[in-house]
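One-letter residues, chain by chain:
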Amino acid sequence: MLLLRHQDVEQLLDVAELIDALATAMADLSSGRASVPPRVAAVVPAPEGVLVAMPGYSPALGVLAVKVLTVFPGNQAHEAPSHQALIGLFDPTTGTPLAMMDGNAITAARTAAGSALSIRLLARPEAAVLAVLGTGVQARAHARAAAVVRPLTEVRIAGRHPDRAEALAAELRAEGLPARAAGTWEEAVRGAGIVCATTAAEDPVVRLEWLDPGTHVASVGYTARGREVDDDTMAEARVVVEHRETSFTPYPVGSNDLTEPAARGLIAPDEVAEIGELVEGRRPGRTSGDQITVYKSVGVAAQDAAAAGLVYAAACRRGVGHRITL
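Everything in this summary refers to the structure shown in the same document.

Rules used in this analysis
Residues numbered from 1 in each chain as written. Predicted model: local features only at pLDDT ≥ 70, side-chain atom pairs only at ≥ 80, totals over all residues. Heavy atoms only, no water. Helix = DSSP H or I, 4+ residues; strand = E, 2+ residues; numbered from the N terminus. Rg over C-alpha atoms; globule rule 2.2 N^0.38 Å. Buried < 20%, exposed > 50% of the residue type's maximum accessible area, 1.4 Å probe, protein only. Contact = heavy atoms within 4.5 Å. Areas by Shrake-Rupley, 256 points an atom, 1.4 Å probe, with all protein chains shown as cover. Pairing = 2+ DSSP bridges. Lys, Arg positive; Asp, Glu negative; His and termini not counted. Salt bridge = Lys/Arg side-chain N within 4 Å of Asp/Glu carboxyl O. Polar contact = N/O pair within 3.5 Å; in protein donor to acceptor, adjacent residues only side chain to side chain. Axes fitted to C-alpha atoms, helices over the stretch in contact; angles between N-to-C directions. Left-handed = near helix turned anticlockwise from the far one by under 90°. Nonpolar A, V, L, I, M, F, W, Y, C, P; charged D, E, K, R; others polar. Patch = residues over 30% accessible without salt bridge, like charges linked within 9 Å, V, L, I, M, F, W, Y side chains within 5 Å.

### Structural notes on the overall build of the protein chain
- Counting its secondary structure elements, the protein chain contains 11 helices and 15 strands.
- Over its C-alpha trace the protein chain gives a radius of gyration of 19 Å, about what one expects of a compact globule, namely 20 Å for 326 residues.
- With the principal axes as the frame, the protein chain shows a C-alpha extent of 55 × 45 × 45 Å.
- Counting over 326 residues, the protein chain shows a buried share of 55%.
- Within the protein chain, residue pairs in contact and separated by at least 24 positions form 68% of the contacts whose partners lie at least 6 positions apart.
- Accessible surface, the protein chain as shown: approximately 13,300 Å² in total, 53% of it carbon and sulfur.

### Some thoughts on the pairing of strand β12 (residues 238-241)
- Because side chains alternate across β12, one face comprises the buried residues R238 and V240, and the other comprises V239 and V241, equally buried.
- Of the strand pairs in this sheet, β12 and strand β14 (residues 293-296) are connected by four bridges, and their pairing is parallel. Paired with V241 across the bridge in β14 is K296.
- Taken together, the two bridges between β12 and strand β13 (residues 273-274) define a ladder with parallel strand orientation. Its bridge partner lying in β13, V241 is registered against E274.

### Considerations on unusual backbone geometry
- Put simply, A46 and P47 share a cis peptide bond, and its omega is 0°.
- Of note, P47 is situated in the loop between β2 (40-44) and β3 (49-58).
- Unusually for a residue other than glycine, E79 sits at a positive phi of about 55°.
- Note on placement: E79 falls in the loop between β4 (63-71) and β5 (83-90).

### Here we look at the side chain of R150
- With respect to the helices and strands, R150 occurs in the loop between α4 (137-149) and β8 (154-158).
- Among buried charged residues, R150 stands out as having no salt bridge; its nearest opposite-charge side chain is E126, 7.4 Å away.
- There is a polar contact of 3.4 Å between the side chain of R150 and the backbone oxygen of R124.
- If we ignore the near neighbours within four places in the chain, the residues touching R150 are I119, R120, A123, R124, P125, A127 and I194.

### Some words on the packing of helix α3 (residues 104-122) against helix α11 (residues 301-318)
- Contact geometry for α3 and α11: axes closest at 9 Å, N-to-C directions at 115°. In terms of crossing hand, the pair formed by α3 and α11 is right-handed. Across the interface between the two elements, I106, T107 and R110 of α3 pack against Q303, D304, A307, A308 and V311 of α11.
- For the contact of α3 with α11, the class distribution of residues is four nonpolar, two polar and two charged.

### A few points about the sheet that holds β2
- Strand order in the open sheet formed by seven strands is β2-β3-β4-β5-β6-β1-β15, and the pairing between neighbours is mixed. Edge strands, defined here as strands with exactly one partner in the open sheet, are β2 and β15 (322-323).
- Strand direction decides the pairing type here: strand β1 (residues 2-4) and strand β6 (residues 97-102), joined by three bridges, are parallel. Within β6, the residue paired with L4 across the bridge is M101.

### Details of the sheet that holds strand β10 (residues 194-197)
- Read from one edge of the open sheet, eight strands run β9-β8-β7-β10-β11-β14-β12-β13, paired in parallel fashion. Every other strand in the sheet has two partners, leaving β9 (179-181) and β13 as the edge strands with one partner each.
- Sheet topology places β8 next to β9; three bridges connect them, and they run parallel. Residue pairing for β9: V155 is matched across the bridge by A179.

### Notes on the pairing of β2
- Pairing analysis gives five bridges linking β2 to β3, with the strands arranged antiparallel. The residue of β3 that forms the bridge with A42 is L51.
- Linking β2 back to β3 in an antiparallel pair, the connection comprises four residues.

### Comments concerning the environment of G62
- Note that G62 resides in the loop between β3 and β4.
- Judged by its relative accessible area of 36%, G62 falls in the partly exposed class.
- Between the C-alpha atom of G62 and that of A306, which follows or precedes it by 244 residues, the distance is 8.8 Å.

### Some remarks on a nonpolar patch on the surface
- Taken together, the side chains of L3, L86, M100, I324 and L326 present a nonpolar region at the surface, about 460 Å² in accessible area.
- As for its placement among the helices and strands, L3 is situated in strand β1.

Spelled out as structure tokens, the structure:
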């Protein structure tokens, strides 16, 4: 089987290609063709963390994979990533293991690519100011992926630590993006046509009072407690998810940003669209220029499988990675 390291995966993944592959995978999922069972998680109460298993099969892409992921929000104190993952890729005809690869790079890229797909489908065509909330791996990936689907005139970076926001803005400027640090969440969000929330916030970092009419929000935060998006925004917005059943299941499967307002009767799961339904045209996305839209991502295995399949194909073409025998 092929062993692919973090740097191999980063080298091999093409974001534009990944966004298109995710559109196919999400349509596969929403149509019922893909097999993506509910994730299974072992909870570690102290320190707070989870070990998650996410298998998935997309027949349209011909990929079968499983991701094993840990989420330990307190890892920042240990100078370790909060999310760490491995992905196994298998031959969908025989079940033979084909590859084992780093899952951190794939998680970052596929999550950001999913948000970029939502921007392509839901953001207003003229939206050119991006607010990125957070300063970690996902924040960096989201700024880069959003630039693939929209010509951006300004990228605002906000975080809990101003020095990290400044550092990320400088890094993105060096890559050619018009980035600057914002002093607060509110400063970043006000006037932005696109907002990407990539935090582990316990209190909402996206509030309706800060949003202009027509703003698109992509929220990918995933924590046991707290919310990224406030109730008023969720109640007002056209809400889109990857998979309704998964998204509205309590943590660690779904998201508090969905389960809590649903429990209070502010949003109805059957009125929430899946992004694959938008891809296939089976449900509408944005219905007016003033409508606020929210894409709430919890991550699904079909996305990891799509990304892993692209990485493996590119590795085979280019001779990247190490062959090992188990």
